[in-house]
Amino acid sequence: FLAGESCISLNFSLSFLPPHGLSLQVRHLVASNSEPPAPLPGDEDGTRAEHLDKALLDVTLNGCFIKHNYHPPSYGDYLSEVWVIPARALRRGSNSLVWQYLRGSTTHYWIQSIRLYADTLPA
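These numbers come from a predicted model, not from an experiment.

Visitor: Pulling in residues and values, what's your account of the packing of aromatic side chains?
Guide: Summed over all chains, the structure comprises three aromatic pairs. Between Tyr-101 and Tyr-109, the aromatic rings sit 5.8 Å apart at their centres with planes inclined by 15°, giving stacked as the arrangement. Accessibility assignment for this pair places Tyr-101 and Tyr-109 in one class, buried. The ring of Tyr-70 has Lys-67 sitting right over it, with the charged end atom 4.7 Å from the ring centre.

Okay, structure coming up:
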């Protein structure tokens, strides 16, 4: 992804609306620079070091924010997270999930996998 220029759109269709929304599992990576974090003034032990790697994301479903100006954790390895998609964001039929990599991001961002699932099915 290139900051301020990249986005991905994933389209899917629902034949029913899950009563409690969906769960979105993403496995992603914020690339780490090879240099250590820059220490802040007065921080001799480095506990308040400011990490230079930053990825800023907007994730929307049908125009509804799932994550806004989200800064995923940066550990230099793939990380799995599960986010809640509220029922109000879903539509019967066509749906569009959009990932936008925002300006202000300072490193590379990678998505390894995305999984949408319902915790409960309709009766």
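Structure's up, so let's keep going.
Visitor: Talk me through the side chain of Thr-60; I want residue IDs and the actual numbers.
Guide: Tracing the chain through its elements places Thr-60 in strand E3 (residues 57-61). Thr-60 sits in the buried class, given a relative accessible area of 12%.

Visitor: So what's going on with the pairing of strand E4 (residues 64-70)? Which residues, and what values?
Guide: For E3 and E4, the ladder comprises four bridges, and the chain directions are antiparallel. The residue of E4 that forms the bridge with Val-59 is Lys-67. Counting the residues in the hairpin turn of E3 and E4 gives two residues, including Asn-62, whose phi is positive at 55°.

Visitor: Please set out the side chain of Asn-95 residue by residue, giving values where relevant.
Guide: Tracing the backbone shows Asn-95 in strand E6 (residues 93-101). Within the structure, Asn-95 has its side chain in polar contact with the backbone oxygen of Arg-91 (distance 2.7 Å). At 2.8 Å, the side chain of Asn-95 forms a polar contact with the backbone oxygen of Gly-93.

Visitor: Outline the sheet that holds strand E5 (residues 79-85), supporting the account with residue identities and numerical values.
Guide: One open sheet holds the three strands; their spatial order is E5-E2-E7, and the pairing between them is antiparallel. Edge strands, defined here as strands with exactly one partner in the open sheet, are E5 and strand E7 (109-117). Shown here is a sheet whose adjacent strand axes are inclined to one another by a mean of 20°, direction ignored. Pairing between strand E2 (residues 22-30) and E5: seven bridges, direction antiparallel. Opposite Gln-25, over in E5, you have Val-82 as the bridge partner.

Visitor: Residues and numbers for the sheet that holds strand E1 (residues 6-14), please.
Guide: The sheet built from four strands is open, its strands ordered E1-E6-E3-E4 with antiparallel pairing. Each edge of the open sheet carries a strand with a single partner, namely E1 and E4. On average, adjacent strands in this sheet sit at an angle of 10° to one another, irrespective of strand direction.

Visitor: Describe the environment of Gly-63, naming the residues involved and giving the relevant values.
Guide: Among the secondary structure elements, Gly-63 is positioned in the loop between E3 and E4. Overall, the relative accessible area of 63% leaves Gly-63 in the exposed class. Along the sequence, Gly-63 and Ala-89 sit 26 residues apart, while their C-alpha atoms lie 7.9 Å from each other.

Conventions used here
Residues numbered from 1 in each chain as written. Predicted model: local features only at pLDDT ≥ 70, side-chain atom pairs only at ≥ 80, totals over all residues. Heavy atoms only, no water. Phe/Tyr/Trp six-rings, centres within 6.5 Å; stacked < 30°, edge-to-face > 60°. Buried < 20%, exposed > 50% of the residue type's maximum accessible area, 1.4 Å probe, protein only. Lys NZ or Arg CZ within 6 Å of the ring centre and 35° of its normal. Helix = DSSP H or I, 4+ residues; strand = E, 2+ residues; numbered from the N terminus. Pairing = 2+ DSSP bridges. Polar contact = N/O pair within 3.5 Å; in protein donor to acceptor, adjacent residues only side chain to side chain. Axes fitted to C-alpha atoms, helices over the stretch in contact; angles between N-to-C directions.

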